[in-house]
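Below, each chain spelled out in residue letters.
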Amino acid sequence: MNNAPLAERLRPHDISEYIGQTHLVGPGCILRLMIESGNVSSFILWGPPGVGKTTLAKIIANTIKAPFYTLSAVHSGVKEVREVLERCKADTTSMFTQGRPVLFIDEIHRFNKSQQDSLLGAVESGIVTLIGATTENPSFEVIRPLLSRAQVYTLRPLEAEELGTLLERALAKDEVLSRRKVKVESTDALFRFSGGDARKLLNILDLLEKSTPAGEEIVIDDKVITERLQENPAAYDKNGEMHYDIISAFIKSVRGSDPDAAVYWLARMVAAGEDPEFIARRLVILAAEDIGLANPNALVIANTTFEILRKIGWPEGRIPLAECVIYLATSPKSNSAYKAIAAALDLVEKTSDQPVPLHLRNAPTSLMKEMGYGRDYKYAHDYPGNFVRQQFMPDALGHHRFWTPCANPSEARMTELQNIRWGDDKDNNN
């Protein structure tokens, strides 16, 4: 076993050895009760790498008296799933089987819709108990019918105290490390580089052991850890949950007018290698949605930043991007345009296709003119101030008002002009 990775050598085989996830496996908690009773319902474990998803599945395999099958979504297709389900069906009808077979599927989010569909019948009919593991949000990656048949349990990154317990166990019980002389002086860097990932912590210990000559003392301190690892790859998957969480925090920080937080989240994305054009596109949307008419120049600057990024590329592009982020974060905010189009779309959905008033219709043919198309239309530029009152909405809807200005100087000026033009003609309560 000395050639096996430390993470595999230390993998617990009993729930009493399991570290972390006390909200699920602590005394009296749901997964512990399932494991201890042997009555396991279908569920999906959702959490970042290295927090014990596969280990929990293997503990169940070692504890319950039921056939246990495992598939990796990376290497299995519909054919392999059906073959396993056939074996499970045979186990279910066998007089020698003591429980419903359990099927563990690692990285279940990698199954496409047809592969996930192939599981539905077996799960619903009780042929198999499904346990899935995923690092991706099941709401996005697992089909709704399967989610309705399997409870989702969220696993969390390990806390510093739990990582400390894991470190102590590795040094005391591992067949390799327990024979080496180890000096622990500080653990801040070790825990920081681990990022709540038990497997990563054990891999770091493995690296330290292998890179320290036999007979020499293994030193664990911040300086040694930093030198041996050189860098800390950001825990960021551009197609995963962390991607959506960080861009959400970034957008909300800009919207919330906090330039420091916005630049921090920008730096997180830059350090992780996020596509700069993705960031710039989101800023263009934000400039229209959240700043809007309070400062129309924001949209111009966001769009210009997008074009600059395409011209100068990376890493220099981070500078105009940061400039744009700070400008947008400190700009006055208004979502009146966003709300206006949302309200208009809502009314369109409720009122279906209202006819265009005849005076607003184009009349390219003599027949259309005879039918009244374009008749009585008033050309705005023929009137003082380039404005004249007339009906522009469908007749059945009257003078409906969608745009409600926000409190800022720019929209105050617009509102004043609109009030001069329309007065109370437009009903704000329609």
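Conventions we followed
Residues numbered from 1 in each chain as written. Predicted model: local features only at pLDDT ≥ 70, side-chain atom pairs only at ≥ 80, totals over all residues. Heavy atoms only, no water. Helix = DSSP H or I, 4+ residues; strand = E, 2+ residues; numbered from the N terminus. Rg over C-alpha atoms; globule rule 2.2 N^0.38 Å. Buried < 20%, exposed > 50% of the residue type's maximum accessible area, 1.4 Å probe, protein only. Core = buried A, V, L, I, M, F, W, Y, C linked by side-chain atoms within 4.5 Å. Contact = heavy atoms within 4.5 Å. pLDDT = per-residue confidence, 0-100. Pairing = 2+ DSSP bridges. Axes fitted to C-alpha atoms, helices over the stretch in contact; angles between N-to-C directions. Parallel < 35°, antiparallel > 145°, perpendicular 65-115°, else oblique. Left-handed = near helix turned anticlockwise from the far one by under 90°. Nonpolar A, V, L, I, M, F, W, Y, C, P; charged D, E, K, R; others polar. Polar contact = N/O pair within 3.5 Å; in protein donor to acceptor, adjacent residues only side chain to side chain. Phe/Tyr/Trp six-rings, centres within 6.5 Å; stacked < 30°, edge-to-face > 60°. Lys NZ or Arg CZ within 6 Å of the ring centre and 35° of its normal.

**Considering the overall build of the chain**
Consideration 1: Helix and strand content of the chain: 20 helices and 7 strands.
Consideration 2: Taken over C-alpha atoms, the radius of gyration comes to 31 Å for the chain, far larger than the 22 Å a tight globule of 430 residues would show.
Consideration 3: Projected onto its principal axes, the C-alpha positions of the chain cover 95 × 60 × 40 Å.
Consideration 4: Here the chain, with 430 residues, has 41% of them falling under the buried criterion.

**Here's the deal with the nonpolar core**
Consideration 1: Counting residues in each nonpolar core, the largest one holds 48 residues, and the members touching the most others are Leu31, Phe43, Leu56, Leu190, Leu202, Leu205 and Ile225.
Consideration 2: Of the residues forming this core, the biggest block, 6 residues, is contributed by helix H11 (residues 198–211).
Consideration 3: Beyond its immediate chain neighbours, meaning those up to four positions away, Ile225 contacts Ala189, Leu190, Phe193, Ile204, Leu208 and Ile220.
Consideration 4: Judged by nonpolar contacts, the second largest core, of 26 residues, contains Ile246, Ile247, Leu286 and Ala329.

**Looking at the confidence of the model for the chain**
Parts of the prediction with low pLDDT should not have their coordinates interpreted in detail.
Consideration 1: Confidence in the prediction for the chain averages 84 pLDDT; 93% of positions are at 70 or higher.
Consideration 2: For the chain, per-element mean pLDDT is lowest for helix H20 (residues 409–422), which scores 76, and highest for helix H9 (residues 160–173), which scores 94.

**Section: the environment of Gln151**
Consideration 1: Looking at where Gln151 falls in the secondary structure, it is placed in strand E5 (residues 151–154).
Consideration 2: Accessibility expressed as a relative area gives 46% for Gln151, which makes it partly exposed.
Consideration 3: Taking C-alpha positions, Gln151 is 6.2 Å from Ile44, a pair spaced 107 residues apart along the chain.
Consideration 4: Contact partners of Gln151, with chain neighbours within four places excluded, come to Ser42, Phe43 and Ile44.

**Observations concerning unusual backbone geometry**
Consideration 1: Positive phi is not limited to glycine here, since Gln21 has a value of about 55°.
Consideration 2: In this fold, Gln21 is placed in the loop between helix H1 (6–9) and helix H2 (22–25).
Consideration 3: In this structure, Asp376 is a non-glycine residue whose phi angle is positive, near 70°.
Consideration 4: Mapped onto the secondary structure, Asp376 falls in the loop between helix H19 (366–370) and H20.
Consideration 5: When its relative accessible area of 63% is taken as the criterion, Asp376 is described as exposed.

**Things to note about the sheet that holds strand E4 (residues 129–134)**
Consideration 1: With parallel pairing, 5 strands are arranged side by side in an open sheet as E2-E3-E4-E1-E5. Strand pairing shows two members of the sheet lacking a second neighbour, strand E2 (68–72) and E5, which therefore form its edges. This sheet shows a mean twist of 20° between the axes of neighbouring strands, independent of strand direction.
Consideration 2: One ladder, built from 4 bridges, connects strand E1 (residues 43–46) with E5; its direction is parallel. From the neighbouring strand, Trp46 faces E5, where its bridge partner is Thr154.

**Let's talk about the packing of helix H15 (residues 276–291) against helix H17 (residues 318–330)**
Consideration 1: Contact geometry of H15 with H17 gives a least axis separation of 11 Å together with a crossing angle of 15°. Comparing the axis directions of H15 and H17 gives the class roughly parallel. Where H15 crosses over H17, the handedness of that crossing is left-handed. Contacts between H15 and H17 involve Ile279, Ala280, Leu283, Leu286, Ala287 and Ile291 from the former and Leu321, Cys324, Val325 and Leu328 from the latter.
Consideration 2: In terms of residue class, the contact of H15 with H17 is made up of 10 nonpolar, no polar and no charged.

**Comments concerning the environment of Arg318**
Consideration 1: If you trace the backbone, Arg318 turns up in helix H17.
Consideration 2: In the structure, Arg318 is positioned 23 residues away from Ile341 in sequence and 33 Å away in space, judged by C-alpha atoms.
Consideration 3: Side-chain polar atoms of Arg318 contact the backbone oxygen of Pro315, separated by 2.9 Å.

**Examining the packing of aromatic side chains**
Consideration 1: Using the criterion set out here, one finds 2 aromatic pairs in the structure.
Consideration 2: Here Phe43 and Tyr153 contribute two aromatic rings whose centre-to-centre distance is 5.6 Å and whose plane-to-plane angle is 65°, an arrangement assigned as edge-to-face. Pair noted here: Phe43 is in strand E1 and Tyr153 is in strand E5, with a separation of 110 residues, a long-range link.
Consideration 3: Overall, Phe43 belongs to the buried group, its relative accessible area being 2%.
Consideration 4: The exposure class assigned to Tyr153 is buried, which follows from its relative accessible area of 12%.
Consideration 5: Centre to centre, the rings of Tyr264 and Trp265 are 4.8 Å apart; their planes meet at 70°, and the pair counts as edge-to-face.
Consideration 6: The exposure class of Trp265 is partly exposed, given its relative accessible area of 22%.
Consideration 7: Above the face of the Tyr373 ring, Arg361 is positioned so that its terminal group lies 5.0 Å from the ring centre.

**Details of the side chain of Ser118**
Consideration 1: You can see Ser118 is positioned in helix H6 (residues 113–125).
Consideration 2: For Ser118, the side chain forms a polar contact with the main-chain oxygen of Gln115, separated by 2.5 Å.
Consideration 3: Ignoring sequence-local partners within four residues, the contact set of Ser118 consists of Val78, Val81 and Leu85.

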